[in-house]
Structure formats: C-alpha cells, structure tokens
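Structural overview for review
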Amino acid sequence: MKSRPICAGVSWVGAIDWDRRLFDSLIPLPHGTTYNAYLVQGSSATALLDAVDTSCVPSLHEHLAGVSSVDYLVSHHTEQDHSGAIPFVLEKYPSCTVLATQKGKDMLVDHLRIPPDRIRAVADGETIDLGGKTLTFVHAPWQHWPETMMTWLEEGRILFSCDLYGAHMATAELFVEFGKLEKAAKSYYAEIMMPYAKLIRKNLDKALALAPSLIAPSHGPLHREPSLIMKAYDEWVSAPPRNLCVVPYVTMHGSTRELVEHFLCCLAEQGVEAEGYDLTVTELGELATSLVDAASVVVATPTVLAGPHPLAVTACYLANALKPKFKYASVIGSYGWGGTTVNQITSLLSTVKPEFLEPVMVKGYPKASDYAAVEALAKTIKEKHEGLE
Ligand code: FEO
C-alpha cells in the first residue's frame with residue numbers, strides 16, 4: 001500500500017487493518033478499521049501526525065521509506081492504536097520530537113515508556129511553522145481519553161480530528177460517500193464517544209468554529225463534506241431522544257419471548273417505534289448504536305439464580321456505561337418462584353437514572369392479566385414519549 005496524497009505537502013501514511021474484528025477486547029469491528037497517520041511536509045520541517053498500531057509498524061515503515069527526516073511526531077491520543085509505533089519512529093528519526101498535551105506526555109511515558117526528553121508538551125492554540133505549513137494544536141479532552149487534542153492545518157483548512165468523527169471501516173479509499181459511511185460512524189460514536197457526549201460538546205463547537213474544508217480523523221475515511229458528519233454529531237450529542245423504545249431481550253423457555261412479542265406489537269399499535277434485540281445473537285455494537293436515539297429501554301429477561309439472566313446484566317451494564325440519553329426504563333420477564341430481578345436491573349442503570357415505569361414480571365407463562373399489563377406499559381411509554389420535544 002502506497003502513501004496517499006491528500007493535497008500539496010499532505011499525505012495519508014496510515015495502515016489498513018482488514019482483519020481486525022475486536023477492539024479493546026470489547027468493541028466488534030465487523031468491517032475492520034484503519035489507523036490513520038498523516039505526513040505534513042513544509043519547506044523547512046516535516047511532521048508526522050500520529051503513528052499507527054504496533055501491529056502495523058511494517059506499513060508505516062514502508063510509507064516512510066523515502067522520508068529522510070521527521071522533525072515532529074504529533075501525538076493526538078495515547079491509545080496504542082495511534083501511539084504503538086511511536087518508538088519505531090523515534091528510533092528511525094533520532095532528532096524527532098513528540099508533541100502532545102501535557103497529559104498526553106505523561107501518558108506516553110506511562111504507557112509506552114517513551115523517554116520524557118523526547119516529548120514536548122504543547123499549549124492549547126500553540127502553533128508551529130513547518131515552512132508554508134502552519135500547525136495549530138487544539139486541546140480537545142475526552143475525544144476518547146482525557147489527553148486528546150486535534151491539529152488544525154491553516155493551509156488547506158484541514159482539521160485532523162483525532163478519534164472524533166472517525167469510523168471503524170477498513171477501506172483503501174480516502175473518501176467514501178457519507179451515505180455509505182454513516183452507519184459505521186454512528187456505531188463508532190455510540191461505542192467510543194457517547195460516554196463523553198457532554199464533555200465533547202465544547203470540542204464540537206471548536207471544530208465548527210474552524211469551518212474546516214476537510215476533516216481527517218484517526219479512523220476510517222476522511223470527510224470532504226465536513227458539514228455532514230458535523231451535523232450528524234450535533235444530533236447524536238444534543239438532540240432530544242426520539243420516539244423509540246429499545247427492547248433487549250433474552251428468553252430461556254419462551255415465557256419472556258411471549259411477553260416481548262406481545263409488547264413489541266403493542267408499542268407498534270401505540271405508534272412507538274420499537275426495536276427488539278435478541279441478546280443471544282446481537283453484537284454489542286448493534287445494541288449500543290440503537291441506544292443513541294432511544295427514549296426508552298425495556299429490558300426483558302427471565303429470572304436466573306434469583307436475578308436477571310447474565311446476558312441482560314451485560315446489556316444493562318453497557319447501557320449504563322455508555323451513558324445514552326434514554327429517559328424511561330422498565331423490565332418485563334418471568335420467574336419461577338421469586339428473585340430480585342427488577343431491583344438488580346434498576347441498580348445496574350444507576351448512572352443513567354431513567355424514570356422507571358411499572359415492570360411486568362410474570363410467574364411462569366403469561367396469562368390474560370399479564371398481556372394487559374404489557375399493553376398498559378406500551379400505552380404509558382407512548383404518553384411519556386409525547387412529552388419528549
Ligand atoms: Fe482510536 Fe481511542 O483510539
């Protein structure tokens with residue numbers, strides 16, 4: 001794979017990981033990913049913006065084959081998918097200095113054992129002149145981790161946005177039509193950015209104020225119509241949740257499934273959009289994406305060992321940790337002789353703190369009064385959603 005020119009003096013020199021299927025041993029990557037790195041060459045100095053994942057050093061090595069000097073390595077983010085190859089770059093270019101935020105410097109020392117004297121902390125708004133290419137560093141904490149920053153290249157109006165605006169999508173194309181990219185970008189937002197949505201609002205405003213002509217994120221294709229991804233982020237972060245009820249469910253002998261099927265039909269009859277996710281087969285990324293817009297989550301689970309099924313526990317843990325904006329929650333399901341399923345699920349959603357609606361827990365197989373109870377729950381959800389705007 002050759003490096004790819006973006007504009008005069010700016011090239012993509014990253015790596016494509018076609019085969020990776022799991023990130024952080026947690027996030028599914030159905031379409032692989034890229035680790036984007038960019039080379040910016042001025043008349044007097046050269047900067048490499050990010051390195052690549054440790055596993056992709058050979059790719060970076062190939063891209064840098066004809067590059068005689070790299071004066072600066074800008075580290076936007078310490079996570080190893082962008083910093084893993086920094087030791088290789090520092091060995092190849094002994095006079096290269098790493099530029100990062102102060103937190104980034106500390107973390108590069110901690111995580112990669114990079115000698116502190118090879119790293120210089122840059123201030124928010126600080127610029128370096130490469131000779132006809134001016135880089136400005138924009139501190140942007142929590143674009144995944146607390147140390148993150150972006151880089152603005154005035155000549156070309158390019159925003160190198162770190163993890164923000166990225167997508168896990170392996171492609172050899174620099175640009176992909178937004179319609180083909182949006183689903184992957186939304187999943188990426190849900191999995192990586194949503195927990196920090198409130199914190200990154202300021203960063204989104206900083207990016208909007210720069211009015212970039214091009215956004216070059218750290219994963220996936222670049223955005224040559226930045227308004228499309230910026231508008232999408234604006235909605236994902238700030239728009240109120242919509243009239244959508246997500247129902248993650250698991251069943252053991254069919255009682256809970258019977259309730260779920262009836263409940264999903266009741267929601268449809270009430271005009272509430274409903275999405276059911278069978279937790280035995282649903283990828284966590286798919287469930288996370290559904291939570292970006294949902295106003296309600298109703299967890300459906302049988303009672304196992306006096307509590308929710310472990311798959312329901314995992315789904316609740318995820319829903320709580322990702323901090324989506326749903327406002328209402330409930331539990332439906334079944335039990336044989338007792339248990340504390342509802343209380344345990346309520347505790348698991350303690351960060352999101354939704355308003356809990358009357359649960360429907362059924363002893364054994366549902367009977368007429370149980371069907372009526374889920375109908376009433378669907379009606380309540382409809383009424384609650386009418387007050388969303
Ligand atoms: Fe792409 Fe947070 O690393």
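This structure is a prediction, so every number in the text was calculated from the model and none was measured. (Residues numbered from 1 in each chain as written. Predicted model: local features only at pLDDT ≥ 70, side-chain atom pairs only at ≥ 80, totals over all residues. Heavy atoms only, no water.)

**Quick word on the overall build of the chain**
A tally of regular secondary structure across the chain gives 12 helices and 23 strands. On the principal axes, the C-alpha backbone points of the chain span a range of 80 × 40 × 35 Å. A total of 389 residues make up the chain; the buried ones form 56% of that total. Sequence-distant contacts, at least 24 apart, represent 71% of the contacts inside the chain between residues at least 6 apart. Surface accessibility of the chain: about 16200 Å² in total, with carbon and sulfur atoms responsible for 53%. (Helix = DSSP H or I, 4+ residues; strand = E, 2+ residues; numbered from the N terminus. Buried < 20%, exposed > 50% of the residue type's maximum accessible area, 1.4 Å probe, protein only. Contact = heavy atoms within 4.5 Å. Areas by Shrake-Rupley, 256 points an atom, 1.4 Å probe, with all protein chains shown as cover.)

**Quick word on helix 4 (residues 102-112)**
Those residues of helix 4 that sit buried are Gly104, Lys105, Met107, Leu108 and Leu112. The secondary structure elements touched by the buried residues of helix 4 are helix 2 (80-83), helix 3 (86-92), strand 10 (97-100) and strand 11 (119-121). Arg113 lies just past helix 4 and shows a positive phi near 55°.

**Describing the nonpolar core**
Among the nonpolar cores identified, the biggest contains 58 residues, and Leu164, Tyr165, Tyr189, Met193, Ile229, Tyr233 and Val246 are the most heavily contacted of them. With 9 residues, the top contributor of residues to this core is helix 5 (residues 178-193). When neighbours within four sequence positions are excluded, Met193 is seen to be in contact with Gln143, His144, Asp163, Leu164, Tyr188, Ile200 and Tyr233. By size, the runner-up hydrophobic cluster in this structure holds 28 residues, among which are Tyr35, Leu48, Phe88 and Leu112. (Core = buried A, V, L, I, M, F, W, Y, C linked by side-chain atoms within 4.5 Å.)

**Some points on the packing of helix 8 (residues 255-269) against helix 12 (residues 368-385)**
Put simply, helix 8 and helix 12 touch, their axes get as near as 9 Å, and they point 40° apart. Regarding the angle of helix 8 to helix 12, the classification is oblique. The two elements helix 8 and helix 12 meet at a crossing, and its hand is right-handed. Packed against helix 8, whose contacting residues are Glu258, Leu259, His262, Phe263, Cys266 and Leu267, the element helix 12 presents Asp370, Tyr371, Val374, Glu375, Leu377, Ala378 and Ile381 at the interface. A per-class count over the contact of helix 8 with helix 12 returns 9 nonpolar, 1 polar and 3 charged. (Axes fitted to C-alpha atoms, helices over the stretch in contact; angles between N-to-C directions. Parallel < 35°, antiparallel > 145°, perpendicular 65-115°, else oblique. Left-handed = near helix turned anticlockwise from the far one by under 90°. Nonpolar A, V, L, I, M, F, W, Y, C, P; charged D, E, K, R; others polar.)

**Quick word on the sheet that holds strand 12 (residues 127-129)**
If you walk across this open sheet you meet the 5 strands as 12-13-14-15-16, and the pairing is mixed. Across the chains shown, the open sheet's two edge strands, defined by having one partner strand only, are strand 12 and strand 16 (214-216). Geometrically, the sheet is characterised by an average inter-axis angle of 20° between neighbouring strands, direction not taken into account. As defined by bridge partners, strand 14 (residues 149-153) adjoins strand 15 (residues 158-160) across 3 bridges and the pair is classed as antiparallel. When the sheet's bridge partners are listed, Leu153 is paired in strand 15 with Ile158. The strands that helix 6 (residues 197-210) touches are strand 13 (134-139), strand 14 and strand 15; relative to strand 13, the one it contacts most, it runs at about 155°. (Pairing = 2+ DSSP bridges.)

**What to know about the packing of helix 6 against helix 7 (residues 226-238)**
Interaxial distance between helix 6 and helix 7 falls to 10 Å at its minimum, and their mutual angle equals 155°. On the basis of the axis angle, helix 6 is roughly antiparallel to helix 7. For the crossing formed where helix 6 meets helix 7, the hand is left-handed. Contact residues: helix 6 offers Ala197, Ile200, Arg201, Leu204, Ala207 and Leu208, while helix 7 offers Met230, Tyr233, Asp234, Val237 and Ser238. Taken together, the residues that form the contact of helix 6 with helix 7 break down as 8 nonpolar, 1 polar and 2 charged.

**Thoughts on empty space enclosed by the protein**
Evaluated as defined, the whole model comprises 3 cavities of 30 Å³ or more. Approximately 70 Å³ is the volume attributed to the largest cavity. Contributing to the lining of the largest cavity are 13 residues, with Trp12, Asn36, Thr171, Glu173 and Leu174 lying nearest its centre. Class assignment of the residues belonging to the lining of the largest cavity gives a composition of 7 nonpolar, 4 polar and 2 charged. In this model, the second largest cavity occupies a volume close to 40 Å³. Lining the second largest cavity, in full, are Pro248, Leu287, Leu291, Val297, Val299, Ala315, Cys316, Ala319 and Leu349. (1 Å grid on protein atoms, 1.4 Å probe; cavity = no way out; pocket = protein on both sides within 12 Å on 5 of 7 lines; lining within 4 Å. Points joined across faces, edges and corners; volume = space filled by probe spheres on them.)

**Let's talk about the pattern of salt bridges**
Tallying each qualifying case throughout the model produces 14 salt bridges. Here Arg201 makes a salt bridge to Asp234, at a shortest N to O gap of 2.6 Å. With Arg201 in helix 6 and Asp234 in helix 7, this pair connects stretches of sequence that are 33 residues apart. Notably, a salt bridge pairs Glu273 with Arg242, separated by 2.5 Å at the nearest N-O pair. Placement of Glu273 in strand 18 (residues 273-278) and of Arg242 in strand 17 (residues 242-249) is noted, with a sequence separation of 31 residues between them. According to the relative accessible area criterion, Glu273 is partly exposed, its value standing at 36%. Each of Lys186, Arg242, Glu273 and Asp293 takes part in a single network of salt bridges with overlapping partners. (Salt bridge = Lys/Arg side-chain N within 4 Å of Asp/Glu carboxyl O.)

**Quick look at the sheet that holds strand 11**
The 7 strands are arranged 1-2-7-8-9-10-11 in an open sheet whose pairing can be described as mixed. The open sheet terminates on both sides in strands that have one partner only, identified here as strand 1 (4-7) and strand 11. Strand-to-strand twist of the sheet, defined as the mean angle between neighbouring strand axes without regard to direction, takes the value 25°.

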